[in-house]
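# Commentary on secondary and tertiary structure
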Amino acid sequence: MLLLEPGDHVVFTEDVYGGTFRLFDKVFRRYGLSFTAVDPTDPDTVAAAMTDRTRLVWLESPTNPLLRIVDLDAVSELVHGAGALVAVDSTFASPVLQRPLELGADLVVHSSTKYLGGHSDVLGGAVLTSDDSLAERLRFHQNAVGAVPSPFDCWLLLRGLKTLQLRVQRQCENALAIARWLEGQDAVVQVYYPGLESNPGHALARRQMGGYFGGVVSFEVSSGDAARSFLERLRVFTLAESLGAVESLAESPAMMTHASIPEEIRTRVGVSDGLLRLSVGIEDVDDLVADLEQALA
Ligand SMILES: Cc1ncc(COP(=O)(O)O)c(C=O)c1O
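Quick notes on the rules
- Residues numbered from 1 in each chain as written.
- Predicted model: local features only at pLDDT ≥ 70, side-chain atom pairs only at ≥ 80, totals over all residues.
- Domains from an automatic or database assignment.
- Contact = placed C-beta atoms within 7 Å.
- Helix = DSSP H or I, 4+ residues; strand = E, 2+ residues; numbered from the N terminus.
- Pairing = 2+ DSSP bridges.
- Right-handed = clockwise from strand over helix to strand, strands pointing away.
- Near = placed C-beta within 6 Å.
- Nonpolar A, V, L, I, M, F, W, Y, C, P; charged D, E, K, R; others polar.
- Axes fitted to C-alpha atoms, helices over the stretch in contact; angles between N-to-C directions.
- Buried ≥ 20, exposed ≤ 12 C-beta atoms within 10 Å, placed from the backbone.
- Core = buried A, V, L, I, M, F, W, Y, C linked by C-beta atoms within 7 Å.
- Left-handed = near helix turned anticlockwise from the far one by under 90°.

## Examining the domain arrangement of the protein chain
- Per the domain assignment, the segments of the protein chain are domain 1 (9-158) and domain 2 (164-296).
- One C-alpha centre belongs to domain 1, the other to domain 2; they are set 22 Å apart.
- Taken together, the contacts link 27 residues of domain 1 with 34 residues of domain 2.

Right, here's the structure in full:
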């Protein structure tokens, strides 16, 4: 928030990671910033939400947890025309699938806890920019607040990065196979995965993410109770928040990662009690599908 001042306004993706929502709503709001949530899959909604105090538009693509795809090129052009900056949390795509700086973003954020580390054993984050003056301000801020990883964390991260491309490719292949399988299941009300031809973001994702669609798949079952009993039965998928590591994880956004978002906002956005989010790992896909099948039965 070093780029903003009290009174400034931020527009952000409505189905944003719950922790980002909490930071905006419970911390930064107290310092005089105001926030408006939009569905940026329609760039016009971003334009309509901007005011003369809007300094930053905060995007996720794919979004967490509904995996909507935002046209980063189109939104960046529009936001720059109005004199604001674009930041993209590109954690779900990883740099293997998506490079927002090349699509016009001013700042890119990655939770390196996820795909970059890849082994669920290190916490970290990265902010990237190709603008020298922004980089200088970020470095100043990093030094001032002390946001520095330990040498051991850096070592773990560098070790993980060596296999990033291989891991992500395998995760995407497994995720696509699982999404297609889920689409055919009676117990599944809806599948959210940009790799499916039926997904409204499919064509854009194909263009923006180089023909792969990410390792996260969300889907909906009939109720919160059905979601809970599904999670309790899983054996290969581990019940846990986080994502992007070699092992497959499953969670309920409403009960876990997005529980800090008020229920009426969650419902409006489409994060229902029956929504489940899978972070697909690199295991044998037949084992993963067999596990989902027995848990859904
Ligand atoms: C899209 C996104 N951004 C950021 C984060 C924050 O990650 P960390 O666990 O490194 O704080 C998460 C965590 O789930 C996430 O899903």
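From this point on, the discussion continues.
## Considerations on the environment of M50
- Tracing the sequence through the fold places M50 in the loop between α2 (43-49) and β3 (54-60).
- Put simply, M50 and V11 are 39 residues apart on the chain and 6.8 Å apart in space, counted from C-alpha to C-alpha.
- If we skip the residues at most four places from it in the chain, M50 touches V11, A82 and A84.

## Concerning the pairing of strand β2 (residues 34-38)
- Where strand β1 (residues 9-13) and β2 come together, 5 bridges link them in parallel fashion. Across the sheet, V11 pairs through a bridge with T36, a residue of β2.
- Crossover handedness for the path β1 to helix α1 (residues 18-27) to β2: right-handed.

## Regarding the site of the ligand
- Close to the ligand lie Y17, G19, E60, N64, D89, T91, F92, S111, T113, L123, G125 and S242.
- Residue classes in the shell around the ligand are distributed as 3 nonpolar, 7 polar and 2 charged.

## Side note on the sheet that holds strand β7 (residues 190-192)
- Strand order in the open sheet formed by 5 strands is β7-β8-β11-β10-β9, with mixed pairing between adjacent strands. Each edge of the open sheet is held by one strand with a lone partner, namely β7 and β9 (238-239).
- Pairing between β9 and strand β10 (residues 249-251): 2 bridges, direction parallel. Residue pairing in the sheet places T238 in a bridge with L249 of β10.
- Contacting β7, β8 (216-220) and β11 (275-279), helix α7 (residues 164-183) runs over the sheet at an angle of about 10 degrees to β8.

## With respect to unusual backbone geometry
- Cis geometry is found at the peptide bond from S61 to P62, where omega equals -10 degrees.
- Mapped onto the secondary structure, P62 falls in the loop between β3 and α3 (72-81).
- Here the residue pair N64 and P65 is connected by a cis peptide bond, since its omega of 15 degrees sits within 30 degrees of zero.
- Mapped onto the elements, P65 comes out in the loop between β3 and α3.
- At L67, a position not held by glycine, the phi torsion is positive, near 55 degrees.
- What makes L67 buried here is the crowd of 27 C-beta atoms within 10 Å.
- With phi around 65 degrees, S94 is a residue other than glycine that occupies positive phi space.
- You can call S94 buried: it has 25 C-beta atoms within 10 Å.

## Structural notes on the environment of D286
- Assignment of secondary structure puts D286 in helix α11 (residues 285-296).
- Take D286: there are 9 C-beta atoms within 10 Å of it, and that puts it in the exposed class.
- With 108 residues separating them along the chain, D286 and I178 place their C-alpha atoms 9.3 Å apart.

## With respect to the nonpolar core
- Counting residues in hydrophobic clusters, the biggest one holds 77 residues, and the most contacted among them are V57 and V217.
- Ranked by residue count, the leading element in this core is α7, at 7 residues.
- In terms of domain composition, this core takes at least three residues from each of domain 1 (9-158) and domain 2 (164-296).
- Among all residues touching V217, those that are not within four sequence positions of it are A175, I178, A179, L182, Y193, L278 and V280.

## Focus: the packing of α7 against α11
- Relative to each other, α7 and α11 sit at 35 degrees, their axes nearing to 10 Å. Note on packing geometry: the crossing formed by α7 with α11 is right-handed. Contact with α7, carried on its side by N174, A177, I178 and W181, involves V285, L288, V289 and L292 of α11 and no other residues of that element.
- Of the residues contributing to the contact of α7 with α11, the split by class is 7 nonpolar, 1 polar and no charged.

## A closer look at the pairing of strand β4 (residues 85-89)
- The buried fraction of β4 amounts to 5 of the 5 residues, a majority that puts the element mostly inside the structure.
- Of the two faces of β4, the one carrying L85, A87 and D89 and the one carrying V86 and V88 are both buried.
- As paired strands, β3 and β4 are joined by 5 bridges and run parallel to one another. Paired with E60 across the bridge in β4 is D89.
- Viewed along the sheet, the connection from β3 through α3 into β4 turns out right-handed.

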